[in-house]
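Chain by chain, the residues run as shown.
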Amino acid sequence: MREASFHLDGQDWLQDPYSVYHRLRREDPVRWSQELGHWVLTRYRDVISVLRDRRFSAANRPPQRRWGRPTTMVNADPPEHARLRRVAARPFNHQAVEAIRPVIQEAVDSLLDGVSGQVDLVEVLARPLPLLVICRIMGLSERARDVLMRELVAFSPGAGRRRAAMMAQGMPSSPDDDYWRSVVEEHRTAPSDDLVCQLIAARQQGLLQDDEELVDTVVLLYVAGMETTIGLIGNSLLALLRHPDQWALVSRDPGLARQAVEECLRYDPPVHAVSRRALADVEIGGRLVRRGEKVLCLLAAANRDPEVFPQPDRLDILRQGSDHIAFGSGIHTCLGALLARAEGEVAIATLARRFPRMRLAGEPAVEGSLIVRRVTRLPVALA
Ligand code: HEM
């Protein structure tokens, strides 16, 4: 049999991962990849079935084992998973996200006020927005926010030169554990209702076992929504601007921004894959996955499965009943999904209202990996 090669990295994949995924799905939908050390799944039904199956564990991914045990929900299995998720859940539920919506709107407005002509929308909007919002939810001071913003600019993909300059100045590679411990200590002395204080209270009630779990949860909630939400906003805007008929729909009716975000999350999601480890021998699509082997669930491939999404390569913001899995599925479904959606929706609706005739004005840049693949530069002419 012909041995087809599928490179899930490199320039071809980066520029057009979806052709690679279609080929994989057609030719070998449950494929063992020696290179990745994973079974690679591309069909919607296989991906969903693994993510909802307790015989697959999430406890196989770095950096979760830095304390010799999982300390965050991302890499915990039941029953630990529910405990770690519950203590962090409140700011991300429907009511809390609706309550924070005016803050998101205010942040978007302030980022766009005075902006005109040709700009990079990643720099002016997509990158700063998630940071402003999560800092507000976590109750971080303006000083902390400035430190984090500098780090984010310096260490974002595509910031090679700035990164080199900062390292030459001896600046740390990203806020380290000591930094986050000091954030927690600051909150201990000034109790309020923000997320860090809620986690401190959970620690006092014994719901978090120790300070490592507390600090790791704080770090997780800061990191998990950063590159991902930047990607949601950037990738969505690129998809819409590359399909001027779709952008025209949103600019005529900014109320369609919510649907546009959903379709863009299906069409070009920031997170392409999540990994699991089999706790037992399991058959998937006629192949035997043995206990201990790892499985890569390609969410971005499942989102283009023609069995579930007719004409999957078409961006159609009016598509009905789109059940995409850009936020995963099962017990690990993204905790921040409602927040990320709200940020995307407000960003897109506000741009549509302010700059209905906005268009691409130069070559966008895309960077990343299976973990986060996103637009890093999006030059547009505002009009
Ligand atoms: C567009 C933006 C986002 C995308 C595409 C995204 C995607 C995902 C995906 C695919 C998972 C599942 C991981 C797995 O099954 O192994 C996940 C989990 C998670 N996400 Fe997001 N995420 C986004 C934004 C956010 C935000 C804004 C936050 C919070 C501030 C957040 C917090 C989390 C957490 C805590 C988990 C782990 C949930 C658990 O293990 O129970 N995410 N996310």
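Quick notes on the rules
- Residues numbered from 1 in each chain as written.
- Predicted model: local features only at pLDDT ≥ 70, side-chain atom pairs only at ≥ 80, totals over all residues.
- Heavy atoms only, no water.
- Donors = N, O, S within 2.8 Å, 3.2 Å for Na, K, Ca; no water.
- Helix = DSSP H or I, 4+ residues; strand = E, 2+ residues; numbered from the N terminus.
- Salt bridge = Lys/Arg side-chain N within 4 Å of Asp/Glu carboxyl O.
- Buried < 20%, exposed > 50% of the residue type's maximum accessible area, 1.4 Å probe, protein only.
- Phe/Tyr/Trp six-rings, centres within 6.5 Å; stacked < 30°, edge-to-face > 60°.
- Lys NZ or Arg CZ within 6 Å of the ring centre and 35° of its normal.
- Near = heavy atom within 4 Å.
- Polar contact = N/O pair within 3.5 Å; in protein donor to acceptor, adjacent residues only side chain to side chain.
- Nonpolar A, V, L, I, M, F, W, Y, C, P; charged D, E, K, R; others polar.

> Would you mind going over the coordination of the iron atom of the ligand with me for this structure?
Tetrahedral coordination by four donors sets the ideal angle at the metal to 109.5 degrees; octahedral coordination by six donors sets it to 90 or 180 degrees. What the protein offers the iron atom of the ligand as a donor is a single atom, C334 (SG), at 2.2 Å. As for its position among the elements, C334 is in the loop between α16 (299–302) and α17 (337–354).

> I keep staring at the pattern of salt bridges and nothing clicks. Help me out?
Where charged atoms of side chains with opposite charge meet at close range, the side chains can pair. Overall, the coordinates contain 25 salt bridges when judged by the stated rule. Among the ionic pairs, D53 bridges to R55, the shortest N-O distance being 2.8 Å. On the basis of relative accessible area, D53 is assigned to the buried category, the value being 18%. Exposure remark for R55: the relative accessible area of 40% places this residue in the partly exposed category. Taking the shortest distance from any N to any O, the salt bridge between D113 and R354 comes out at 2.9 Å. With a gap of 241 residues between them, D113 in the loop between α5 (94–112) and β4 (118–120) and R354 in helix α17 connect regions that are remote in the sequence. For R354, a relative accessible area of 32% translates into the label partly exposed. Residues joined in a network through salt bridges with shared partners are E98, R101, R258 and E345.

> What should I look at first to understand the packing of aromatic side chains in this one?
How two aromatic rings sit relative to each other is set out by the distance from centre to centre and by the angle between their planes. Within the structure shown, the criterion is met by five aromatic pairs. Aromatic pair W180 and Y222: ring centres 5.0 Å apart, planes at 45°, arrangement tilted. Pair noted here: W180 is in helix α10 (residues 177–189) and Y222 is in helix α12 (residues 211–223), with a separation of 42 residues, a long-range link. Each member of the pair, W180 together with Y222, is buried. Through a chain of ring-to-ring contacts, three or more aromatic side chains come together here, namely Y179, W180 and Y222. For R266, the ring lying beneath its charged end belongs to F309, and the centroid distance is 5.3 Å. A cation over a ring is seen here: R304 above Y267, with NZ or CZ 4.2 Å from the ring centre.

> Whenever I open this one, the site of the ligand confuses me. Can you help?
In the vicinity of the ligand lie 28 residues, with H81, R85, R276, H332 and C334 positioned nearest. H332 has a polar side-chain atom sitting 2.7 Å from an oxygen atom of the ligand. For the shell around the ligand, the secondary-structure elements that each account for two or more residues are α4 (80–86), α12, α13 (226–242) and β5 (273–278). With three residues, the top contributor of residues to the shell around the ligand is α13. Classifying every residue of the shell around the ligand gives 18 nonpolar, seven polar and three charged.

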